[in-house]
Amino acid sequence: MRHTLTVMVENNPGVLARVAGLFSRRGFNIDSLAVGRTENPLVSRMTIVVEGDDTTVEQVNKQLHKLVDVIKVSDITKDAYVDRELVMIKVYAEPSARAEIMQLVDIFRARIVDVGPKTLTVEVTGNEGKIDAFELSLRTFGIKELVRTGKIAMLRGFKTSSKNNNHKEEEVS
Amino acid sequence: MHSNVTTKVLRRQRGNVQKRIREVSGEQLSGAEILLKSLENEGVDTIFGYPGGQALPIYDALYDSKIRHILCRHEQGAAHAADGYARATGRPGVCLATSGPGATNLVTGIANAFMDSVPMVAITGQVPQALLGRDSFQEADITGITLPITKHSYLVKDPSEMAQTVKEAFHIATTGRPGPVLIDIPRDVSSSKTEYRRADRMNLPGYRPVTDGDPLQVQEAARAIIQSERPVIYAGGGVVISGAHEELLQMAELLMAPVCNTLLGLGGFPGDHPLSLGMVGMHGTKYANYAICECDLLIAVGARFDDRVTGKVESFAPEARIIHIDIDPAEIGKNVRVDIPIVGDVKRVLGQLLEILKPGLGEAWRDKVLAWKKEYPLTYCEKDCLKPQAIIREICRQTDGKAMVTTEVGQHQMWAAHYYTFSKPRSFITSGGLGTMGFGLPAAIGVQVGCPDDLVFDIAGDGSIQMNIQELCTAVNYELPINVAILDNGFLGMVRQWQELFYNRRYSQSELFNPDFIKLAEAYGAEGIRVSRPAELAPAIEQAISSSKPVMLDFIVDREENVLPMVPPGGALNKMLG
Ligand SMILES: Cc1ncc(C[n+]2csc(CCOP(=O)(O)OP(=O)(O)O)c2C)c(N)n1
Ligand SMILES: [Mg+2]
């Protein structure tokens, strides 16, 4: 089963290497990993999708916790959350095909971000299923290049993964 | 109440002002000087190390420091010595090396400390930051190389970070599950100056080891223990590390529960106690392995279910509920299913348990196990020649089981574990997790430095001793009267044993050509004693013990003796050879 983990880490050099190294060393499979800054400049947030049964993922969780730079790990798989990926696709677009491609772009609420003589570059965000479907629908035209981010995710409602105390607003200092 | 708060605030402010005054009067110091000052603040009295170009500013600062430096003859020796020092004293060991080859020579020692949870701080010089990443002379990415074998590591980028880095490094190395922490210091950082401020805070938001056991889990464990009829305690290195030996003894006696130890757990429970079953696992005693197989409750205390202990996992303690007490949550459920996990410091958790436990019901069970102990003792056949087991017995007899014993790795290590009766914690210092040949001699040096009044024996093999033999020079140099007892079988004995048992006696590359160990010892300035006949055994050990010099004893032993009993690799614990 695939699990989505949210990992808050200290923004220290080498932290990505520590996390990535841990996965490869212990034989855990990363499906995707996205990392970036957060509302707190000292903290980065990783969203890691990992494949494995419950015991494996529990080990992943505990081993991540052991890294000194890791502040918090939450497995949000079973919680309600919003998740997004972003993909950019450079698709072959002969004049005869352009209208049809643009229709698809409309349907998926994607955007055209670059137009070339023989290609269109389109961008779409969404959850994994939507992006897979979009990619599939463009396949018929021929995909020249595709780049996709890892997934980022956020809990729905008032709860957060970044703070230990979910009931308190950030203290004003 | 309001005014109380105000006074507190005022007091704190006043404190800050005082501190600031001290800081203002604080001198401009180089990164290296701050390093040494910070080490002194941590109570470090000894560093084991080896100098080189990028460590020169540190060595220059060391020249004026009150910290003692032991110049080992190889950085691996320095790392193992720091390891031995730490295991013997319970205080963190510190080793120091230069960049590049100096740093990579530490790697085995760091890995060894990591596997056995030894508190250690390894300090390395590094090329100046301007040269980092350019394959500069003697540049090695040592933080990268050691990533999987350190508890944490630092690359110090500015001398102003030094004091806090050192404070954090010692905190991390010594708390929770201990382990090695590396501090890599580029030469520009050690040589440039900044205003010195003693670090008074750490910034480790992600580091919060749990020490107290969850009370509900403790209660559940107590219930399971009180109900059990056939309990066995399986005690590991965590007991020794956390100093829980007294609590362990109390619990075992209260429950009348037999106690088996892991290799690293030896000494955590008195080996001469009637409830002691000695070592468990691949080379465990029959009675310990039988007890594991038949118990209805296994209480694992500071142990990690290593494959050398469990054998075939599916048939390990098949009838038992398992309580697992460990400070490292990641150890729980890693190798074996656990029924009642308790995360916490072993000493505290055992204390919590003792408050609520009642005397056990295990009398019949205890008698059964003790009967096994009588029926299947560790044995070997006494012959005319010198038996390795008899040597360990004699060393144990003459030292009254009170020596500090280190070992190398191989058959001799297992015989030391079997035939030396360890009566106190921290007295058996061996490379368990990594199984590092060459550990014992430098470790013995670290032990003797840390415990100058103790009698130290390195039980060695003729193969292993040659892996860090150069450290004999260190022992002579610093007048450390260690005793090295080589069980000289002319073989990489443990390899030969496996070849005999599992490879049809094809002794591929396991027979040794050895130097004359006596001449070698003498060349280094140590004393050498060769022993070939049983009658010479006792007097030779007496002579070694009474010598004020380091002594190397070369015991010419039965060449093809095997370590028994033995569970073939991957087998069930109750299917033992021998
Ligand atoms: C650094 C290292 N290399 C190889 C091994 C594999 N190994 C384990 S025991 C052993 C033989 C040790 O021989 P010796 O020191 O003579 O001890 P004996 O078994 O004969 O008592 C070897 C080669 C090891 N444990 N460590
Ligand atoms: Mg040998």
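In this text, all values refer to a predicted model and were calculated from it rather than measured experimentally.

Draft legend 1. Structural detail: the overall build of chain A. The helix and strand tally for chain A stands at 4 helices and 9 strands. Referenced to the eigenvectors of the C-alpha coordinate spread, the extents of chain A come out at roughly 55 × 40 × 30 Å. Going through the 173 residues of chain A one by one, you find that 46% of them count as buried. Counting only carbon and sulfur atoms, one obtains 53% of the accessible surface of chain A, whose full area is about 9800 Å². One finds the centroid of the 25 positive side-chain charges in chain A at a distance of 2 Å from the centroid of its 24 negative side-chain charges.

Draft legend 2. Seen up close, the overall build of chain B. Helix and strand counts for chain B stand at 23 helices and 20 strands. In summary, chain B has a C-alpha radius of gyration of 25 Å against a globular reference of 25 Å for 578 residues, a match within 12%. Principal-axis analysis of the C-alpha atoms gives chain B an extent of 75 × 70 × 45 Å. In chain B, which comprises 578 residues, the proportion classed as buried is 58%.

Draft legend 3. Representation of the sheet that holds strand β2 (residues 29-37) of chain A. Residues and elements named next belong to chain A. What the 4 strands build is an open sheet, ordered β2-β3-β1-β4; its pairing is antiparallel. At either margin of the open sheet sits one strand with a lone partner, and together these are β2 and β4 (70-75). Neighbour to neighbour, the strand axes of the sheet diverge by 20° on average, direction disregarded. One ladder, built from 5 bridges, connects strand β1 (residues 2-10) with β4; its direction is antiparallel. Counterpart to Thr6 in the pairing with β4 is Ser74. Where helix α1 (residues 15-25) meets the sheet, it contacts β1, β2 and β3 (43-51), and its direction lies at approximately 15° from that of β3.

Draft legend 4. The arrangement of the confidence of the model for chain B in detail. All names here are of chain B. Summing up the model confidence of chain B, the mean pLDDT is 95 and the portion of residues at 70 or higher is 96%. Averaged pLDDT values over the elements of chain B bottom out at 43 in helix α1 (residues 2-25) and peak at 99 in helix α4 (residues 75-89). Note that pLDDT drops below 50 for residues 1-24; the model gives that stretch 4 contacts with residues more than four away or on any other chain. Across the interface, the model reports ipTM at 0.89; the global pTM reads 0.94.

Draft legend 5. A look at α4(B). For α4(B), which comprises 15 residues, the first-to-last C-alpha distance of 21 Å matches the rise-based estimate of 21 Å (1.5 Å per residue) to within 8%. Across the 15 residues that make up α4(B), a large majority, 15, are buried.

Draft legend 6. View of the domain arrangement of chain B. Residues and elements named next belong to chain B. When the domains of chain B are assigned, the result is domain 1 (29-196), domain 2 (215-375) and domain 3 (388-556). A C-alpha centroid distance of 30 Å is found between domain 2 and domain 3. With 17 residues of domain 2 at the contact, the number on the domain 3 side is 17 residues. The contact between domain 2 and domain 3 buries some 1300 Å² in all, and 69% of this surface belongs to carbon and sulfur atoms. When the buried area of domain 2 at its contact with domain 3 is split by residue, Leu263, Leu266 and His283 rank highest and sum to 38% of it. At the junction of domain 2 with domain 3, the criterion picks out 0 salt bridges. For the pair domain 2 and domain 3, the interface holds 3 residue pairs in polar contact (both at pLDDT 80 or more). Of the residues contributing to the side of domain 2 that touches domain 3, the split by class is 9 nonpolar, 5 polar and 3 charged.

Draft legend 7. Up close: the interface of chain B and chain A. Between chain B and chain A, the residue contacts involve 19 residues of the former and 15 residues of the latter. Together chain B and chain A conceal approximately 1400 Å² of surface at their shared face, both sides included; 52% is due to carbon and sulfur atoms. The interface formed by chain B and chain A includes 1 salt bridge. As a salt-bridge pair, Asp328(B) and Lys66(A) come within 2.5 Å of each other at their nearest N and O atoms. The tally of links from chain B across to chain A stands at 6 residue pairs in polar contact (both at pLDDT 80 or more). Tallied by class, the residues present in the side of chain B that touches chain A amount to 9 nonpolar, 4 polar and 6 charged.

Draft legend 8. Layout of unusual backbone geometry. All names here are of chain B. Residue Pro565 is bonded to the preceding Leu564 through a cis peptide linkage, with omega at 0°. Here Pro565 is to be found in the segment after β20 (551-556). Despite not being glycine, Glu479 has its phi angle at roughly 55°, a positive value. Here Glu479 is to be found in the loop between α20 (471-477) and β18 (483-488). Of the residues examined, Glu479 reaches a relative accessible area of 65% and is grouped as exposed. Not every positive phi belongs to a glycine, and Asn504 is a case in point at roughly 60°. In this fold, Asn504 is placed in the loop between α21 (493-502) and α22 (517-524).

Draft legend 9. Local environment of the pattern of salt bridges. Under the criterion given, the structure shown has 40 salt bridges over all chains. Arg230(B) is the salt-bridge partner of Glu319(B), the closest N and O atoms lying 3.2 Å from each other. Within this pair, whereas Glu319(B) is found in the loop between α14 (307-310) and β13 (321-326), its partner Arg230(B) is found in the loop between α10 (215-227) and β9 (231-235), the two being separated by 89 residues in sequence. Here Glu319(B) falls in the partly exposed class, since its relative accessible area comes to 49%. A network of salt bridges, in which partner residues are shared, links Lys66(A), Arg177(B), Asp328(B), Glu331(B) and Lys334(B).

Draft legend 10. The arrangement of the coordination of the magnesium ion (ligand 2) in detail. Residue and element names in this part refer to chain B. Surrounding the magnesium ion (ligand 2) are the protein donor atoms Asp462 (OD), Asn489 (OD1) and Phe491 (O), at 2.0 to 2.2 Å. Summarised as a motif, the one-chain spacing of the donors to the magnesium ion (ligand 2) is D-x26-N-x1-F. Here Asp462, found in the loop between β17 (456-461) and α20, pairs with Phe491, found in the loop between β18 and α21; they are 29 residues apart in sequence, far enough to count as distant. Accessibility assignment for this pair places Asp462 and Phe491 in one class, buried.

Draft legend 11. Quick look at the domain arrangement of chain A. Residues and elements named next belong to chain A. Per the domain assignment, the segments making up chain A are domain 1 (2-75) and domain 2 (82-152). Taken over C-alpha atoms, the centre of domain 1 sits 29 Å from the centre of domain 2. Listed as interface residues are 7 residues of domain 1 and, on the opposing side, 4 residues of domain 2. In this assembly, domain 1 packs against domain 2 so that about 420 Å² is buried in total across both faces, 51% of it on carbon and sulfur atoms. Considering only the side of domain 1, the residues that lose the most area to domain 2 are Arg2, Ala34 and Thr47, jointly responsible for 60% of the buried surface there. Run the count over domain 1 and domain 2 and you get 3 residue pairs in polar contact (both at pLDDT 80 or more). Taken together, the elements giving at least two residues each to the side of domain 1 that touches domain 2 come down to β1, β2 and β3.

Definitions and limits used
- Residues numbered from 1 in each chain as written.
- Chains lettered and ligands numbered in written order.
- Predicted model: local features only at pLDDT ≥ 70, side-chain atom pairs only at ≥ 80, totals over all residues.
- Heavy atoms only, no water.
- Helix = DSSP H or I, 4+ residues; strand = E, 2+ residues; numbered from the N terminus.
- Buried < 20%, exposed > 50% of the residue type's maximum accessible area, 1.4 Å probe, protein only.
- Areas by Shrake-Rupley, 256 points an atom, 1.4 Å probe, with all protein chains shown as cover.
- Lys, Arg positive; Asp, Glu negative; His and termini not counted.
- Charge placed at Lys NZ, Arg CZ, Asp CG, Glu CD.
- Rg over C-alpha atoms; globule rule 2.2 N^0.38 Å.
- Pairing = 2+ DSSP bridges.
- Axes fitted to C-alpha atoms, helices over the stretch in contact; angles between N-to-C directions.
- Contact = heavy atoms within 4.5 Å.
- pLDDT = per-residue confidence, 0-100.
- Expected span 1.5 Å × (residues − 1).
- Domains from an automatic or database assignment.
- Buried area = accessible area lost by both parts, 1.4 Å probe.
- Salt bridge = Lys/Arg side-chain N within 4 Å of Asp/Glu carboxyl O.
- Polar contact = N/O pair within 3.5 Å; in protein donor to acceptor, adjacent residues only side chain to side chain.
- Nonpolar A, V, L, I, M, F, W, Y, C, P; charged D, E, K, R; others polar.
- Donors = N, O, S within 2.8 Å, 3.2 Å for Na, K, Ca; no water.

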